[in-house]
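# Topology and contacts: notes
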Amino acid sequence: MGSGTEDRPHLAQPLGRLLARRGLNLLTGGGQGVMASVAKAFVEEPERKGASIGILPTIGADHRLPPGYPNQWIEIPVVAPLGAFDPLAPDAATRNWINVRTSDLIIALPGSDGTLNEIALALRMQKPLLLFGWADALPEVADRADSLAEVEEWLTKRLSDV
């Protein structure tokens, strides 16, 4: 999970490669920013075993895809008849619910309202959650990593629990 506008390649690309090498599937919101950056690195990893999945929001009464969805590295697009997160309707059903409910583990890179909503949902649903690159933000989340080695250590521990 992470920003739909900022790429954050120093976090997203190493993470995408790591997840691919671990044989995991990658689930993102399928858009731009971190979602595209991590998916690109994941799909381009030569030792990859998993698939890149995108849970895509829709807009309008005809449920069409917004511009930029899916990004070109999404291999399995899942079109949800739900919109993206709206801070004016924080309890509305959105594709974020699918993102969090479907994931076994959640790694959240810095983002804005939509990412914060996914973090809140992960806490609410008691999903294993790691903040990667958030520094001191969100002190209510205990698991955090500032390096890829810390992410890998967290993954190793959590994957043995799943």
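Here the structure is shown first, and the text comes after it.
Residues numbered from 1 in each chain as written. Predicted model: local features only at pLDDT ≥ 70, side-chain atom pairs only at ≥ 80, totals over all residues. Heavy atoms only, no water.

### Digging into the sheet that holds strand 3 (residues 76–79)
What the three strands build is an open sheet, ordered 1-2-3; its pairing is parallel. Single-partner strands in this sheet number two, and they are strand 1 (26–28) and strand 3. Taking each pair of neighbouring strands and ignoring which way they run, the sheet shows an average axis angle of 20°. As paired elements, strand 2 (residues 52–56) and strand 3 share four bridges and run parallel to each other. Across the sheet, the residue bridging to Ile55 is Val78, located in strand 3. The sheet contacts of helix 2 (residues 34–44) involve strand 1 and strand 2, and relative to strand 1 the element is tilted by about 160°. Relative to strand 2, helix 3 (residues 95–102) is tilted by about 145°, and along the sheet it contacts strand 1 and strand 2. (Pairing = 2+ DSSP bridges. Helix = DSSP H or I, 4+ residues; strand = E, 2+ residues; numbered from the N terminus. Axes fitted to C-alpha atoms, helices over the stretch in contact; angles between N-to-C directions. Contact = heavy atoms within 4.5 Å.)

### A look at the pairing of strand 5 (residues 129–132)
When a strand is regular, its side chains alternate between the sheet's two faces. Side chains Leu129 and Leu131 project from strand 5 onto one buried face, and the interleaved Leu130 and Phe132 project onto a second face that is buried too. Examined bridge by bridge, strand 4 (residues 106–108) and strand 5 share three bridges and lie parallel to one another. Paired with Ile106 across the bridge in strand 5 is Leu129. Looking at chain direction, strand 5 and strand 6 (residues 144–145) are connected through two bridges and run parallel. Counted as the bridge partner of Leu131 is Arg144 from strand 6. (Buried < 20%, exposed > 50% of the residue type's maximum accessible area, 1.4 Å probe, protein only.)

### So, the packing of helix 1 (residues 9–21) against helix 2
It is at 7 Å that the axes of helix 1 and helix 2 come closest, and there the two elements cross at 40°. In terms of orientation, helix 1 lies oblique with respect to helix 2. The way helix 1 lies across helix 2 gives a crossing that is right-handed. Contacts between helix 1 and helix 2 involve Pro9, Ala12, Gln13, Leu15, Gly16, Arg17, Leu19 and Ala20 from the first element and Val34, Ser37, Val38, Ala41 and Phe42 from the second. (Parallel < 35°, antiparallel > 145°, perpendicular 65-115°, else oblique. Left-handed = near helix turned anticlockwise from the far one by under 90°.)

### Quick word on the pattern of salt bridges
The full count for this structure, using the stated rule, is seven salt bridges. Put simply, Glu45 and Arg21 hold a salt bridge, and the shortest N to O gap is 3.6 Å. Of this pair, Glu45 sits in the loop between helix 2 and strand 2 while Arg21 sits in helix 1, and the two are 24 residues apart along the sequence. The salt bridge partner of Arg48 is Glu75, with a shortest N-O separation of 2.7 Å. With Arg48 in the loop between helix 2 and strand 2 and Glu75 in the loop between strand 2 and strand 3, this pair connects stretches of sequence that are 27 residues apart. Judged by relative accessible area, which is 26%, Arg48 ranks as partly exposed. (Salt bridge = Lys/Arg side-chain N within 4 Å of Asp/Glu carboxyl O.)

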